[in-house]
Amino acid sequence: MHGQPRKPLNPDDDAASIAKAAKLRNLQSQLLHNHHNKIYTKEALEISWKLLELNPEIYTGWNYRKLAVEHNLQAKTDPESIKSIVDEELKLVETALSRNYKSYGAWHHRKWILNKGFSSFDHEFRLLNKFQKADSRNFHAWNYRRFVTAMKNIPEKEELQYTTDMINSNFSNYSAWHNRSVILSNLLKRKAEGFTSKENVLAEEYDLVHQAVFVDPDDQSGWFYHLWLLEQTVTPDAPMLVSSWPIHDSDMIVSFKSNLDETLLSTSTRYCSESGTFPLILYFNQPVEGVSSSTVTVNFMFCKEDLLWRPLSTTNSKKSHAWVTHLKFPDKEDNSSKVYPVEVRLGHSQGIISSSGSHYNFPSRFAFKVTLQCVELEAAEGGSGMKMLDWGDGSFQICEDLPLDLSPILSLDQLKISRNHEPTALHFLIETITTEIALFRELLLEIKCCKIGKLTLARLLIAHDAIMTYNTPVEYKKVNTEEVLELFTDLMKLDPTHSSYYKDEHSLVLMEKVISNRKSMSKHCFFYGGSSSSNLCNSVCLRLNKLSLSKIGSFEHLLWVQMLDLSHNELHSIEGLEAMQLLSSLNLGYNRFSSFTALEPLRSLQTLKVLDISYNEIGVHSIDTTRYLCSSPLSHTVEDNCDFDEYARDDVKIADTWEAVMFFKGLQLRQLNMTGNAISDDNFRILLLKLLPKLKWLDGKGVH
């Protein structure tokens, strides 16, 4: 274990192990007998004591002791007898911890005993000092310390000072740093006396962590605390709305059912609906809950009832960055070609809350206009009927000038948010990040291969760009992007063990660089079909292909996208894509998706008509590890109303394809390409045709 060669036991050790195992089996057998028969005599308790003393990891033994304590306490009324029972349990726990001071069962049992309320806490701190001297990083002891201090109502300020003392005696005490972050978070959240000024508190913390980082740069404890400190510095206390669709001041055109190729939609202000509704999307900088008709006011003349808001999350969480509702429009025959104003207001009443418990408190509004078009108007434009979408390079022409109605970036100014940031707080933020950048650049000049130093500098530079972009969105350009990309490239070489993480971070920064401003965005926007095709020339595709992306983000800039090409990348996840509710055509070909689980966000896109997932790794791996790594309904549950027998055939094993059934069932695809995946054979294609009744093209061929 841990690289140590296994050594053969000598005969004496071997005999002792055999004898110990026999003793454990005998004691365990007696314990189970007493447990099943509810025997709680003195002799029975002695047996459980001996067993737990030898092996504190037998949870059944601790559960038996709890039942015995409950039984014996019921028969005792005098304080001395009760104290004797409780002291016996505490003594047993201490004995067990002396054998294994990281025993979960023993620590939990001690908490359970103290919760009974019959014992004193005086001895607990002496016990903790004993175990923390033996191992100052024992997180079990630190967790228990938090429990005891809470039970005894010890002021958090005293515990904060205790962590200071422990850190000063050993900068490498990771558990002390962690405990400090827990206590400090609570004090700042409560705005306790002496902790009302977040800026002053954080400034002192930076001074403390600098001592640890610069005295011993090779120790990671201080570095991790610094990363946590940076997060506290740059993360806004309250959630903010950062994007929406439709965007503020836009003129929307909504058609009822286009006579054009319904898989091809035009620019960001054109939407074709088959359901008589169009989506309204809100995107926040943090996951939030509480978005409803009581917290968001939508003024639209056809809203007769409260709107139903839904969080866009694949984990069934009540919190999400993105929320969607659908606005119904009137009967097309009576109201075609009329313009209707829509106004959205939020933040005027509390109820939208972030994961940290902060309320949305930025009163904001945005407005847009909707023009409705009926089928006859579309037909007059001269549609050519549905055609198979061709993702080849020859089908696209670069947009020389990005259409004016494509405004992917929605700044807070556009949303008319009243910002109430104090100038002193903003000055502290910029000054702190700038100072930290200078310090770590200086450190990296001395220690060029400091991995965590490079990671910290990269995060500082990202934070600096984000702050400056927010406060001067027009004048400021992200000047640190190239340096950040270079840092992550260096880290992939220096630390190949964690190269996947650095690659993902590199991809997120690169994607932000590509789409965060109009000039760079225009280089990736293409017209589909060429200028000669009058009905398709306004169909804009965002092509982020061949960028070596392993992860995608910046979804707040992509809510408008209806046609997206992510092919020829290194993607293994599309988490967050569910926010793109307008997406109609998507190319994920030539990536690294190994299962349908990784594609689950697509199940939330009811507008999706064209999907290319060719030449991935679906079906290559016999065990889908994604379902254990990703927390998602598709990973762990099966819908109650899903009848798998409906798709059963002699030549199709549902046991091997249940994920495909769960994934494709309910999608409204017209075009699908699965070529080049291990799972794709003739039998699987038969299953797909049954799962997707509206399918017209499969793997580049028409479905007859």
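The residue numbers shown here count from 1 along each chain, following its written sequence. Local features in this predicted model are restricted to residues whose pLDDT is 70 or higher, and side-chain atom pairs enter the listing and the counts only when it is 80 or higher, whereas totals over whole chains, interfaces and linings include all residues. Hydrogens and water molecules were not included; the side-chain quantities draw on all heavy atoms of the structure.

Tallying secondary structure elements over the chain gives 22 helices and 19 strands in all. Per-residue burial for the chain yields a buried fraction of 50% across its 704 residues. The contact definition used throughout considers only heavy atoms, calling two residues in contact when any of these lie within 4.5 Å. When contacts within the chain are restricted to residue pairs at least 6 apart in sequence, long-range pairs at least 24 apart make up 68% of them. Strands are runs of DSSP state E lasting at least two residues, helices are runs of H or I lasting at least four, and both sets are numbered from the N terminus onward. For every residue, the accessible area (1.4 Å probe, protein chains only) is compared with the maximum for its type, and the residue is labelled buried under 20%, exposed over 50%, or partly exposed between those bounds.

Right, let's get into the confidence of the model for the chain. Parts of the prediction with low pLDDT should not have their coordinates interpreted in detail. Looking at the chain, the pLDDT average stands at 83 and 82% of residues meet or exceed 70. Across residues 407–421 the pLDDT falls below 50, and counting only partners more than four positions away or on other chains, this stretch makes 51 contacts in the model. Residue-level confidence of the predictor, termed pLDDT, takes values from 0 up to 100. Between residues 635–640, whose pLDDT stays under 50, and residues either more than four places distant or in other chains, the model counts 14 contacts.

Here we come to helix H9 (residues 174–190). The span one expects for a helix is its residue count, reduced by one, times 1.5 Å. End to end, H9 covers 25 Å across 17 residues, agreeing with the expected 24 Å (1.5 Å per residue, within 8%). Within the sequence span of H9, burial applies to Ser175, Ala176, Trp177, Asn179, Arg180, Ser181, Ile183, Leu184, Leu187 and Leu188. The elements touched by buried residues of H9 are helix H7 (139–151), helix H8 (156–169), helix H10 (198–215) and helix H11 (220–234).

Glancing now at the nonpolar core. As a rule of thumb, nonpolar side chains are buried together in soluble globular proteins. Leu588, Phe596, Leu602, Phe664 and Leu672 are the most contacted members of the largest nonpolar core, which has 142 residues in total. The greatest single-element share of this core, amounting to eight residues, is contributed by helix H15 (residues 451–471). When near neighbours in sequence (up to four residues on either side) are disregarded, Leu588 contacts Leu566, Leu571, Ile574, Phe593, Leu599, Leu602, Leu611, Asp612, Ile613, Ser614 and Asn616. Membership of the second largest hydrophobic core comes to 27 residues, among which are Trp49, Ala96, Trp107 and Phe125. Nonpolar cores were defined as sets of buried Ala, Val, Leu, Ile, Met, Phe, Trp, Tyr and Cys residues, with membership established by side-chain atoms within 4.5 Å.

Right, let's get into the packing of helix H4 (residues 79–99) against helix H6 (residues 122–134). In contact at an axis separation of 12 Å, H4 and H6 are set at 5 degrees when each is read in the N-to-C sense. Relative to H6, H4 is oriented roughly parallel. Of the residues in H6, those touching H4 at Glu94, Leu97 and Ser98 are His123, Leu127, Lys130 and Phe131. Here the term charged refers only to Asp, Glu, Lys and Arg, the term nonpolar to Ala, Val, Leu, Ile, Met, Phe, Trp, Tyr, Cys and Pro, and the term polar to all other amino acids, Gly among them. Broken down by class, the residue content of the contact of H4 with H6 amounts to three nonpolar, two polar and two charged. Under this scheme, a helix contributes an axis fitted over its contacting stretch, all axes are lines through C-alpha atoms, and angles between N-to-C directions fall in the 0 to 180 degree range. For classification purposes, an angle smaller than 35 degrees is called roughly parallel, one larger than 145 roughly antiparallel, one from 65 to 115 roughly perpendicular, and anything else oblique.

Let us now look at unusual backbone geometry. Omega for the bond connecting Trp245 with Pro246 falls within 30 degrees of zero, at -5 degrees, which places this linkage in the cis form. The topology assignment puts Pro246 in the loop between strand E1 (241–245) and strand E2 (251–255). Not every positive phi belongs to a glycine, and Asn153 is a case in point at roughly 60 degrees. By the secondary structure assignment, Asn153 is in the loop between H7 and H8. Judged by its relative accessible area of 65%, Asn153 is exposed. In the Ramachandran plot, Tyr615 falls in the positive-phi region, its phi being about 55 degrees despite a non-glycine side chain.

Looking now at the sheet that holds strand E18 (residues 697–698). Here nine strands make up an open sheet; going across it, the order is E11-E12-E13-E14-E15-E16-E17-E18-E19 and the pairing mixed. One side of each edge strand has no neighbouring strand; the edge strands of this open sheet are strand E11 (396–398) and strand E19 (701–702). Inspection of the sheet shows E18 paired to E19 by two bridges, in the antiparallel sense. Looking at E19, one finds that Leu698 is bridged to Lys701. A pair of strands is labelled paired if DSSP reports no fewer than 2 bridges between them.

Direction vectors running N to C along helix H2 (residues 42–54) and H4 enclose 25 degrees, while the axes themselves pass 8 Å from each other. Here H4 runs roughly parallel to H2, going by the angle between their axes. When H2 is examined against H4, the residues Trp49, Leu52, Glu53 and Leu54 are found in contact with a partner set consisting of Glu88, Lys91, Leu92, Thr95, Ala96 and Arg99. Looking at the contact of H2 with H4, its residues break down into five nonpolar, one polar and four charged.

This part covers the packing of aromatic side chains. Put simply, two rings from Phe, Tyr or Trp (the six-membered ring, in Trp's case) pair if the centres are within 6.5 Å, and we call them stacked under 30 degrees between planes, edge-to-face over 60, tilted for the rest. Under the defined criterion, the tally for this structure stands at 26 aromatic pairs. With a centroid separation of 5.4 Å and an interplanar angle of 75 degrees, the aromatic rings of Phe300 and Phe302 are classed as edge-to-face. Taking the relative accessible area as the measure of exposure, Phe300 reaches 6% and is therefore buried. Accessibility expressed as a relative area gives 22% for Phe302, which makes it partly exposed. Each ring, one from Phe366 and one from Phe368, has its centre 6.5 Å from the other, and the planes form 20 degrees; the classification is stacked. One aromatic cluster in this structure is built from Tyr101, Trp107, Phe131, Tyr144 and Phe147. Its end group placed over the ring of Phe396, Arg543 keeps NZ or CZ at 4.3 Å from the ring centre. Lying across the ring of Phe526, Arg543 places its NZ or CZ 5.5 Å from the centre. Cation placement over rings: the criterion is NZ of Lys or CZ of Arg within 6 Å of the ring centroid and within 35° of the ring normal.

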